[in-house]
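If you want the building blocks of each chain, they are given just below.
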Amino acid sequence: MYTLIGALGGVFLTQLANYFLEDKRSKNQRSLKRMELDSAQGHDLLTERRIAYSRYLSDLDFYVGGKNPELSDLMPSFYSALILSESDASEAIIQTLRVARDSERSAEDLMEVKKKVLEEMKNDLQH
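Residues numbered from 1 in each chain as written. Predicted model: local features only at pLDDT ≥ 70, side-chain atom pairs only at ≥ 80, totals over all residues. Heavy atoms only, no water.

A.B. asks: Looking at this structure, how should I read helix α2 (residues 71-84)?
C.D. replies: Taking 1.5 Å per residue, 14 residues should reach 20 Å; α2 reaches 20 Å between its end C-alpha atoms and fits that length. Restricting attention to buried positions, one finds in α2 the residues L74, M75, S77, F78, A81 and L84. In this fold, the buried residues of α2 make contact with α1 (2-65) and α3 (87-101). (Helix = DSSP H or I, 4+ residues; strand = E, 2+ residues; numbered from the N terminus. Expected span 1.5 Å × (residues − 1). Buried < 20%, exposed > 50% of the residue type's maximum accessible area, 1.4 Å probe, protein only. Contact = heavy atoms within 4.5 Å.)

A.B. asks: Would you mind going over the packing of aromatic side chains with me for this structure?
C.D. replies: Any two aromatic rings considered together are summarised by their centre-to-centre distance and by the angle between their planes. Applying the stated criterion across every chain yields a total of three aromatic pairs. Measuring from centroid to centroid gives 5.4 Å for Y19 and F20, while their planes differ by 70 degrees, and the two rings are edge-to-face. On the accessibility criterion, Y19 (53% relative accessible area) is exposed. Measuring from centroid to centroid gives 5.9 Å for Y56 and F78, while their planes differ by 50 degrees, and the two rings are tilted. Of this pair, Y56 sits in helix α1 while F78 sits in helix α2, and the two are 22 residues apart along the sequence. Residues Y56 and F78 agree in their burial class; the two are buried. (Phe/Tyr/Trp six-rings, centres within 6.5 Å; stacked < 30°, edge-to-face > 60°.)

A.B. asks: Can you walk me through α3 in this structure?
C.D. replies: With 15 residues, α3 ought to run about 21 Å at 1.5 Å a step, and its terminal C-alpha atoms sit 21 Å apart, in line with that. Every buried residue of α3 is accounted for by A89, S90, A92, I93, T96, L97, V99 and A100. Of the surrounding secondary structure, the elements contacted by the buried residues of α3 are α1, α2 and α4 (107-126).

Written out as structure tokens, the structure is:
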């Protein structure tokens, strides 16, 4: 009888130890998967930002240099760049639109504001 109780106790302790080891392993696996997912999401966000920024800058150049510029052609890329940007870059993007819409703008004003938005976009993409 004592042998049976000892054997069952050993089996019970082994099963309990295996349960806690598996629990610890699964927590580590979940933590690792979460880190991988966060890294992938960050990479995807940077890729989307890069595409939106380049599209906005291209559309801005077309809008400023076009013979019959239509603001509606610029707005989709403006909004996508604005939504994906950080706060400093978004302020610079809004400023470029204000200067580009101004009919009395000079080329120097536009180049200054484009230089500022490019710096902010580069800083945003480096994070």
